Amino acid sequence: MTVRIQPDEDHPAGTDTAPDTADPNTPRTPNTPSTPSTPDTPAKPSTAAATGTSTDTPTPPREAPRTHRRPEPNGDHRPEPHPNHRPATPTAPHDNHPAAAGPQPRDNHPADHRPRPHESPGTGTPARSDVPVRAAGAPPAAGAPHPLRTESLRGFTPWAAAALLLALGWPLAATAAQWQGSWGGTTDRLSTAAGLIAVPFGLAAGAWQGGRERRRRMTELRAASPRTPLAQFLTAALPLACALAAAYLVVVAGALLACAPYVSAGGPVPAVFAGDALSIAACTVLGQVAGRVMPWRLTAPALAICGYVLAAGGVGSSGLTHLAPASLHLVGDGDLPVWWYPLVSALWTAGLAAAAVLARSARRRVTALLPLAAASAAAVLLVHTGDGMLRDNPLAHRQVCDDSTTPHVCVNATRPDLLPEAVRVLSGVTSRLKGVQNVPVRFEDLPRRPREDEAELPMLTPLGWWSVRGKVNDPEQYARQGAVNLVRRECEEAPSARRVQVTDGAVLRWLAPDSAGKDDRERAVASARERGDTKELATLRAEDRAYARLAALTDDERRSWLGRYFATAHACDPDANEVPSL
């Protein structure tokens, strides 16, 4: 029997059946890979092929044809695999570990439909294994920036915070002489700046940012987002609100640090600044709601004007003025806010803002009733309390004295750092009164009228007028005012006797001589001569003669005469015979 041997081209090495004759529905048995011969040795023909006769033994597998070698990176060559050759045991790419022992699952797919390496099964498209897939509702990847961070660092928010920082810092720095050295003055100035500048600014900034979605036609894109409307609103509103509140707190910290070196009593009230910051943030959120409801360009300036009018007391003297955010007004260090005022004031604005947000964006709008009720209760408390939100400062009813002088010099306990300066400026007056009888015991500095044995200390406040950063602005004028308070108290009617007026003028000139007083007298004499007022000229000449006699007395004679003079100095209209003459 003659058997025809098919040429090598029809039977590729390592296969039993031609690829075009294989039944695609018949499962294939993986071929056992044959041991390839050395590529450099030519394949030997079989005995049956040489003789043309058949044998009972199976034909041994033929060797794979010589293939082209591709160079490896290290210079070696490796043969390219046959197109239809598949390894016996599939292994993962770059896996140097041997395959696990045991039977492997059979692949029943046809050869032409089996997935190739790095392909998605059933699609034939390359698998993007390097792109992470995030499930719905899962947190963002570690490398992706959080939306709050993006809103805080980009866009409108940082510019708005910088603008508010400049708007608050510049007027405070320009008026530093009026609040440095007083905790009450600093608190009042910061609270006023928050109400008149920061609150209208927050309303306008929030309204401008709130209407940007409609102005930029992003309503449909925002509606298609998987986030809830409340989450979208908070993502856009919270960064701006927190940035403006933080800008205000930065200004507060700078002002307190600038005030600390010049004040030595009391302390700031942090709850007031925290309440103001929360009110600024709440007003910013309210502006966001208004901007989304009314996305017009005039909404922002209109809200700013309304906020300024409310903070400036545009509603009159009614109790509604206390509803203005950051409406605390302190006069110096004499008053302090009650402990609950910052909390109630912040609750009023924050509750109103929370109610507006929930009514606008929450799924269940009925939840807005709870913060609205809290805001209403806070508003009722603020309106009915009125000016009772301030209490007296205990330090304002005490004083600190220096008893080494005559009279003693005392300053209010809220300003003990000014005592050395007051003693220094009044030293010229007190040194001339040393050993004199019937002089006042002390210069007092209390919120009341002085007693019979006291004289009122010249004013050291408001700051910026008489004293700046612990120093008296005009020492000569301050000393002269102290001498005036010693010589004759302020009365409703001036003394009627001309001789008493002349004596008072001579004593005042001797206690506190100053160049400004001398110039004033020369101008008064010239004016009286021009007018032809002989009576005024006679009074001025008599005062000059009395001053010359007082200055010519010896120290003992002058102390004795001044003792008799100060015995009647407390009377507003003494008898001319009781006042010693010069």
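Residues numbered from 1 in each chain as written. Predicted model: local features only at pLDDT ≥ 70, side-chain atom pairs only at ≥ 80, totals over all residues. Heavy atoms only, no water.

### Digging into the state of the cysteines
Should the sulfur atoms of two cysteines be covalently bonded, the bond is a disulfide. Note the following rule: Only a pair of cysteine sulfur atoms within 2.5 Å counts as a disulfide in this structure description. Burial classes follow relative accessibility: with a 1.4 Å probe on protein chains only, a residue under 20% of its type's maximum area counts as buried, one over 50% as exposed, and anything between as partly exposed.
This model, assessed by the stated rule, comprises one disulfide. One disulfide in the model links C401 with C410; its S-S distance is 1.9 Å. Given an S-S torsion of about 110 degrees, the disulfide between C401 and C410 has right-handed geometry. Since its relative accessible area comes to 39%, C401 is described here as partly exposed. Its relative accessible area of 0% is what places C410 among the buried residues.

### Focus: the pairing of strand 5 (residues 399-402)
The side chains of a regular strand alternate between both faces of the sheet. As a reminder, the rule being used: Pairing between two strands requires that DSSP report at least two bridges joining them. The helix and strand labels rest on DSSP assignments: H or I over at least four residues marks a helix, E over at least two residues marks a strand, and numbering proceeds from the N terminus.
Of the pairings in the sheet, the one linking strand 5 to strand 6 (residues 408-412) comprises four bridges and is antiparallel in character. Within strand 6, the residue paired with C401 across the bridge is C410. Counting the residues that bridge the hairpin from strand 5 to strand 6 gives five residues.

### Comments concerning the packing of helix 4 (residues 183-210) against helix 9 (residues 299-311)
What counts here: All axes here are fitted lines through C-alpha atoms, helices being fitted over the stretch that makes contact, and every angle between N-to-C directions spans 0 to 180 degrees. Convention used here: angles under 35 degrees read as roughly parallel, angles over 145 as roughly antiparallel, angles from 65 to 115 as roughly perpendicular, and any remaining angle as oblique. For any pair of crossing helices, the crossing counts as left-handed if the nearer helix is rotated counterclockwise from the farther one by less than a right angle, and right-handed if it is rotated clockwise. Contacts are assigned to residue pairs that have any heavy atoms within 4.5 Å of one another. Classification used: nonpolar for Ala, Val, Leu, Ile, Met, Phe, Trp, Tyr, Cys and Pro, charged for Asp, Glu, Lys and Arg, polar for all others including Gly.
Following both chains from N to C, one finds helix 4 and helix 9 inclined at 155 degrees, their axes separated by 8 Å at the closest point. With respect to each other, helix 4 and helix 9 are oriented roughly antiparallel. The way helix 4 lies across helix 9 gives a crossing that is right-handed. Here G195, L196, P200, L203, A204, A207 and W208 of helix 4 lie close against helix 9, whose contacting residues are T299, A300, L303, A304, G307, Y308 and A311. Counted by class, the contact of helix 4 with helix 9 contains 11 nonpolar, three polar and no charged residues.

### Topic: the nonpolar core
Formally: What is meant by a nonpolar core is a set of buried Ala, Val, Leu, Ile, Met, Phe, Trp, Tyr and Cys residues, joined one to another through side-chain atoms within 4.5 Å.
With 39 residues, the main nonpolar core has L168, L190, L244, Y248 and I280 as its most contacted residues. Of all the elements, helix 7 (residues 229-259) adds the most residues to this core, at 13 residues. Residues A422, V439, V507 and W561 belong to the second largest nonpolar core, which totals 35 residues.

### Looking at the packing of helix 4 against helix 7
Closest axis-to-axis distance for the helix 4/helix 7 pair is 11 Å, and the angle between their directions is 160 degrees. Overall, the two elements helix 4 and helix 7 adopt an arrangement that is roughly antiparallel. The interaxial crossing formed by helix 4 with helix 7 has right-handed handedness. Of the residues in helix 7, those touching helix 4 at W183, T186, L190, S191, A194, F201, G202, A205, G206 and Q209 are A236, L240, L244, Y248, V251, V252, A255, L256 and C259.

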